[in-house]
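Overview (structure and organization)
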Amino acid sequence: MISQIVSLLAAEDPTVTHHWLLPEMAEIIYGGLASVIIFVGLVKFGGPVIKKGMAARTEKIQKELDGAASARSTSESEAVGIRAALGDVAAERTRLLAEADTQAAALLLDGRARIATEITALEAKAVADLAAARGRGTDELRAEIAMLAALATPAVVQATLSDQTQQELIEAFITSVGAGR
Amino acid sequence: MSNARIEAYARALFEIAQAEGDIDAVENELFRMARAFESNEQLRSTLTDATIPADRRQGVVEQLLGGKASNTTTQLVALVVGSGRSKDLPAIIDTLIKRASSEKKLEVAEVRSAIALTDDQQKRLSAALTKATGKQVNLKVVIDPTVMGGLVATVGDEVIDDTVRTRLEQLKSRI
């Protein structure tokens, strides 16, 4: 067979084909053989690589799927947490509002009590101030009267000291000293 | 002026007055002169003014006392004024009076009154003060309008005050 092929090859011009579409027989054979060899080689050597690559890809896809599932699970758990937190926020809001109401009520009560105390103290102070002012006014008036009296008395006394009174005062002194005081 | 110098002047004046006789009259005139000097600002400033010559100040004394006081009194005051001791005239005279009283074994009783006392009142007052203090007194009356009424007597350290002025002051402090 090999010899036939060789003879064929040698007998004919390799650049001229017998059919416009089909190649020469030898080419078909060689091509077929080469194709088979390549196919076998591909199957033998490329198959495992492809198989391995596919397996790796499958594994990668599986990993991605697992990751996505995990992410989904995480997201769902976070969503649950957020929903829970939302619930907590609502409860906290309610609690804070209630606490604010309580504090406002306490402040109001405290403020009213303090204002009442301050009003009482102010009233007491006003009463005391009035009493003090009244006393001060009385004292000042008394001092004024005393001062005027002190100023006026010598003049009044001097005017009333007649000669007779002067003599009486002198006689009274002599009598008093003579009597041993 | 120191007390020793005042004493010295008082002793000298006393001896001159005693030598001249009528020490009682001179003593009384000097006492009145001292009180006038104390109470009269113009007289005091004139007699103590060092810018006025001594003979002119002595002339003022002679003009003031001439005919109203004895010659001895006038000369004694002029002597003090002429020696430039006018400022100490009251102290010298008071010391002289104390000395004179001491010679007579008397205690000076200075009595201040708003009006003059009659002789009878002075006698009775002397007797009363002698009785009250247990000392024979040499009464010296000062006319002092500031007492207003009544009398205040000072015998040594003892003061008997029954003046209207003091009563008014007590009243004022009570008010």
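Residues numbered from 1 in each chain as written. Chains lettered and ligands numbered in written order. Predicted model: local features only at pLDDT ≥ 70, side-chain atom pairs only at ≥ 80, totals over all residues.

Moving on to the overall build of chain B. Scanning chain B from terminus to terminus reveals eight helices and four strands. Scanning chain B from its N terminus toward the C terminus, one meets helices and strands in the order α-α-α-α-α-α-β-α-β-β-β-α. Out of the 175 residues in chain B, the part that is buried amounts to 33%. In chain B, of all internal contacts separated by at least 6 residues, the share reaching a separation of at least 24 is 64%. (Helix = DSSP H or I, 4+ residues; strand = E, 2+ residues; numbered from the N terminus. Buried ≥ 20, exposed ≤ 12 C-beta atoms within 10 Å, placed from the backbone. Contact = placed C-beta atoms within 7 Å.)

The next point concerns helix 4 (residues 54-65) of chain B. All names here are of chain B. In a regular helix each residue adds 1.5 Å, so 12 residues correspond to 16 Å; helix 4 covers 17 Å between its end C-alpha atoms and thus fits that length. Of all the positions in helix 4, only R57, V61 and L65 are classed as buried. The buried residues of helix 4 occupy an angular sector of 65° when the element is viewed end-on, so they sit on one face. Across helix 4 from its buried face, at more than 90 degrees, point the exposed residues D55, R56 and Q63. (Expected span 1.5 Å × (residues − 1). Arc of directions from axis to C-beta.)

Next up on the list: the nonpolar core. All names here are of chain B. Counting residues in each nonpolar core, the largest one holds 42 residues, and the members touching the most others are L13, L30, I92, I93, L96, A109 and L129. Shared between two domains, this core takes at least three residues from each, and those domains are domain 1 (3-100) and domain 2 (105-174). Here L96 is in contact with A10, L13, F14 and L30, once residues within four sequence places are set aside. (Core = buried A, V, L, I, M, F, W, Y, C linked by C-beta atoms within 7 Å. Domains from an automatic or database assignment.)

Moving on, we get to the pairing of strand 1 (residues 107-113) of chain B. Residues and elements named next belong to chain B. In terms of residue burial, strand 1 counts as a mostly covered element, since five of its seven residues are buried. Judged from the seven bridges that link them, strand 1 and strand 2 (residues 137-143) form a sheet pairing that is parallel. Counted as the bridge partner of E107 is V137 from strand 2. Viewed along the sheet, the connection from strand 1 through helix 7 (residues 119-133) into strand 2 turns out right-handed. Pairing between strand 1 and strand 3 (residues 150-155): five bridges, direction antiparallel. Looking at the pairing, S113 lines up with L151 of strand 3. (Pairing = 2+ DSSP bridges. Right-handed = clockwise from strand over helix to strand, strands pointing away.)

With that settled, the discussion passes to the interface of chain B and chain A. Accessible area lost when the parts come together is the quantity often used to give the size of an interface. If you look at the interface, chain B gives 23 residues, while chain A gives 19 residues. Elements with a minimum of two residues in the side of chain B that touches chain A: helix 7, strand 3, strand 4 (158-163) and helix 8 (164-174) of chain B. No other element matches the eight residues that helix 7 of chain B contributes to the side of chain B that touches chain A. Of the residues belonging to the side of chain B that touches chain A, the class tally is 15 nonpolar, four polar and four charged. (Nonpolar A, V, L, I, M, F, W, Y, C, P; charged D, E, K, R; others polar.)

The description of two packed helices rests on the angle between their axes and on the distance between the axes. Residues and elements named next belong to chain B. The N-to-C vectors of helix 2 (residues 23-39) and helix 6 (residues 89-103) enclose an angle of 150°; their axes lie 9 Å apart at closest approach. Judged by the angle between their axes, helix 2 and helix 6 are roughly antiparallel. Viewed along their axes, helix 2 and helix 6 form a crossing whose handedness is left-handed. Packed against helix 2, whose contacting residues are I23, E27, L30, F31, M33, A34, F37 and E38, the element helix 6 presents L89, P90, I93, D94, L96, I97 and A100 at the interface. (Axes fitted to C-alpha atoms, helices over the stretch in contact; angles between N-to-C directions. Parallel < 35°, antiparallel > 145°, perpendicular 65-115°, else oblique. Left-handed = near helix turned anticlockwise from the far one by under 90°.)

Quick look at the environment of B:M148 now. With respect to the helices, strands and loops of the structure, B:M148 is situated in the loop between strand 2 and strand 3. On the basis of neighbour counts, which here come to 19 C-beta atoms within 10 Å, the residue B:M148 falls in the partly exposed class. Considered as a pair, B:M148 and B:A114 are 34 residues apart in the sequence and their alpha carbons are 5.5 Å apart. Residues in contact with B:M148, not counting those within four places in the same chain, are A:V157, A:Q158, A:L161, B:A114, B:T163, B:V164 and B:R165.

Quick look at the packing of helix 4 of chain B against helix 5 (residues 71-82) of chain B now. Residues and elements named next belong to chain B. Remark: helix 4 packs on helix 5, axes separated minimally by 9 Å, with the N-to-C direction vectors making an angle of 155°. Here helix 4 is positioned roughly antiparallel relative to helix 5, judged by the angle of their axes. Taken as a pair, helix 4 and helix 5 cross one another with a handedness that is right-handed. Taking contact as the criterion, the partners of A54, R57, Q58, V61, E62 and L65 in helix 4 are, on helix 5, T73, T74, V77, A78, V81 and G82. Grouping the amino acids of the contact of helix 4 with helix 5 by side-chain chemistry returns six nonpolar, four polar and two charged.

Time to look at the sheet that holds strand 1 of chain B. The four strands lie next to each other as 2-1-3-4 (chain B), forming an open sheet whose pairing is mixed. In this open sheet, the two strands that pair with only one neighbour each are strand 2 and strand 4 of chain B. Taking each pair of neighbouring strands and ignoring which way they run, the sheet shows an average axis angle of 15°. Packing of helix 3 (residues 163-178) of chain A onto the sheet brings it into contact with strand 1, strand 3 and strand 4 of chain B, and relative to strand 3 of chain B it is tilted by some 40°.

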